[in-house]
Amino acid sequence: MMHMNRALHKFASGPDFSSQLGILSAPEGASRIKTWRAKLMPAILIFLLWTVVGVFIAVPDMVDGFRWSETISKFVEAWTWALLTPAILLVDRKLTLAYQSIVRVAAIHLVLSVPFSLIHAYLAGLILYPIPNIYWNPIRNTEYAIYFYLGGWGTYCYIIGTLQAFKYYNRFMNSQIELARVEKRLVESHLNALRLQLEPHFLFNTLNAISSELAASPELARDMIEDLGALLRRSLECQGSTEITLAQELALLDHYIAIQKLRFGERIDIQIKVSSAALSAMVPSMFLQPLVENAVRHGLEGRMSGGEIVVSARHIGSQLYIKVLDDGVGLPTHWRMETSEGLGIRVTRERFQALYAEPEGHDFTISRRRGGGTEVAIRIPLHRTGA
């Protein structure tokens, strides 16, 4: 007796005790319920769809009075197609995998329409057979079999036509999505290539400026190198992003401004006037640096008195407006942006064209200021962080 109790205790405490008694744990039960729901849902949707079709078929016959036998007949015809729909879908999937030509698939479906229509006619007849009032049953009266068959044949063709239309529309949409992804990757590659053109250009100019200060002021050159290193580290953090927040862009610009402050001291005053609401706006990464660099090199560097640069940004409605102003020597008399050979302006302009093509649109203009100096005006669509 003691041995029997021990055996029972071991059996009951074993890991397979529940499964041996046919009892499911809560997670297993929930998993099976989900599996059954996943299997039943397509069948329920097919039944509901054909019920709606039955309503549309039955309603016209109700205009001159409700006759329950005719109504039941219409619903049975529709529900019979519901029974055949899984087989039709399976056959169509097999044909689609086997043949790429839509003409061949259509030809095989045309052949299959005959047996499917016959099966539908006689299956509906069997279901309707217990109702004697339905005298047009194809089994009771073979004269009506041809009408059932032709009606079923037309329905089968409609099912296949609708199925092929949805299938090829889905393929078309998938191809459009894939095309959009490819275009996006191409734009991103183009933008990265443009940025890679800017960075060596900027690095060369900055190192050239540092080397000019190295002999006269080693400490100043060392401070400039530190700011350059900080700027390069920040730019590497944003390297994988075509757009960053304006706050991040201004943080990058701060290090470049620090380098220029060390070089020119009080001769150059660079001011940032940006509304707090505009700081979260998305902008191209490192687009302000070449614009400020141009203002310094071509506007203020050659003047003994130096000058002022103002970077401003504000948003109006769904647009972000950015300006880079300087009071330097201004543009040459016959200067045009379209014919400018400057790398910074050309690359920045191309980046804006790639990022903000129609329908979003943008404006990028460079013009002379009244009283001297240059104005760079930019308008881009307003995008927020995470939008």
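Residues numbered from 1 in each chain as written. Predicted model: local features only at pLDDT ≥ 70, side-chain atom pairs only at ≥ 80, totals over all residues. Heavy atoms only, no water.

**Some points on the packing of helix α4 (residues 68-98) against helix α5 (residues 102-128)**
The condition that has to hold: Axes here mean lines fitted to C-alpha atoms, for a helix over just the part in contact, with angles spanning 0 to 180 degrees between N-to-C directions. Note on conventions: DSSP H or I runs of at least 4 residues are helices, E runs of at least 2 residues are strands, and numbering of each starts at the N terminus. Two helices crossing with the near one rotated counterclockwise from the far one by less than a right angle form a left-handed crossing, whereas a clockwise rotation gives a right-handed crossing. Just so you know the grouping, Ala, Val, Leu, Ile, Met, Phe, Trp, Tyr, Cys and Pro go in nonpolar, Asp, Glu, Lys and Arg go in charged, and all remaining residues, Gly too, go in polar.
In contact at an axis separation of 9 Å, α4 and α5 are set at 145 degrees when each is read in the N-to-C sense. The interaxial crossing formed by α4 with α5 has right-handed handedness. Residues belonging to the contact of α4 with α5 are distributed by class as follows: 18 nonpolar, four polar and two charged.

**Examining the nonpolar core**
The cut-off we apply is this: Joining through side-chain atoms within 4.5 Å is the link that ties buried Ala, Val, Leu, Ile, Met, Phe, Trp, Tyr and Cys residues into a set, and such a set is a nonpolar core. Exposure classes here rest on a 1.4 Å probe applied to the protein chains alone. A residue is buried below 20% of its type maximum, exposed above 50%, and partly exposed in between. Note on contacts: a residue pair is in contact if any heavy atoms of the two residues lie within 4.5 Å.
Counting 40 residues, the largest nonpolar core has Leu288, Val292 and Ile378 as its most contacted members. Where this core is concerned, the elements lending two or more residues are α8 (246-264), β2 (268-274), α9 (288-300), β4 (307-316), β5 (319-326), α10 (343-355), β6 (363-368) and β7 (374-381). Take this core: its biggest share by element is seven residues, from α8. Those residues in contact with isoleucine 378 that sit more than four places away from it in its chain are Phe287, Leu291, Leu320, Tyr321, Ile322, Phe352, Asp363 and Phe364. Ranked by size, the runner-up nonpolar core spans 11 residues in total, among them Trp50, Ala78, Trp81 and Ile160.

**Let's talk about the pattern of salt bridges**
To keep things clear, this is the line we draw: For this document, the term salt bridge refers to a Lys or Arg side-chain nitrogen within 4 Å of an Asp or Glu carboxyl oxygen.
Scanning the model with the defined rule gives four salt bridges in all. Of the charged contacts in the structure, one is a salt bridge between lysine 261 and aspartate 269, with a shortest N-O distance of 4.0 Å. In this structure, the salt-bridge partner of aspartate 363 is arginine 379, at a minimum N-O distance of 2.9 Å. Of the two residues, aspartate 363 is situated in strand β6 and arginine 379 in strand β7; the sequence distance between them amounts to 16 residues. Residue classification places aspartate 363 among the partly exposed residues on the basis of a relative accessible area of 39%.

**Considerations on α4**
Put simply, the rule reads: In this analysis, the expected span of each helix is defined as 1.5 Å times one less than the number of residues it contains. The bend at a residue is defined as the angle formed between two axes, one fitted to the seven residues ending at that residue and one fitted to the seven starting there.
For α4, which comprises 31 residues, the first-to-last C-alpha distance of 45 Å matches the rise-based estimate of 45 Å (1.5 Å per residue) to within 8%. The principal kink in α4, of about 40 degrees, is found at leucine 84, preceding the proline proline 86 by one to four residues.

**Some points on the pairing of β4**
Regular strands show a simple pattern: their side chains alternate between the two faces of the sheet. Stated formally: Pairing between two strands is assigned when DSSP locates at least 2 bridges connecting them.
When β2 meets β4, the two strands line up parallel, connected through seven bridges. When the sheet's bridge partners are listed, isoleucine 272 is paired in β4 with valine 311. As defined by bridge partners, β4 adjoins β5 across eight bridges and the pair is classed as antiparallel. Residue pairing for β5: isoleucine 316 is matched across the bridge by glutamine 319.

**Quick word on the sheet that holds β6**
Sheet architecture is open: five strands sit in the order β2-β4-β5-β7-β6, paired in mixed fashion. Both outer strands of the open sheet, β2 and β6, are each paired with one neighbouring strand and no more. This sheet shows a mean twist of 10 degrees between the axes of neighbouring strands, independent of strand direction. Two elements, β5 and β7, share eight bridges in a ladder whose sense is antiparallel. Its bridge partner being in β7, isoleucine 322 is matched across the sheet by isoleucine 378. Of the strands in this sheet, β2 and β4 touch α8, which is tilted by about 165 degrees from β2. Along the sheet, α9 contacts β2, β4, β5, β6 and β7; its crossing angle with β4, the most-contacted strand, is approximately 150 degrees.

**Structural notes on the confidence of the model for the chain**
So the rule is basically this: Summary of the metric used: pLDDT quantifies the predictor's per-residue confidence within the range 0 to 100.
Taken residue by residue, the chain gives an average pLDDT of 79. The fraction at 70 or more is 80%. The weakest mean pLDDT in the chain belongs to helix α2 (residues 17-20) at 45; the strongest belongs to β5 at 93. The low-confidence segment residues 1-5, where pLDDT is below 50, has zero contacts with residues more than four positions distant or belonging to other chains. Counting interchain partners and residues more than four positions distant, the pLDDT-below-50 stretch residues 15-22 has four contacts.

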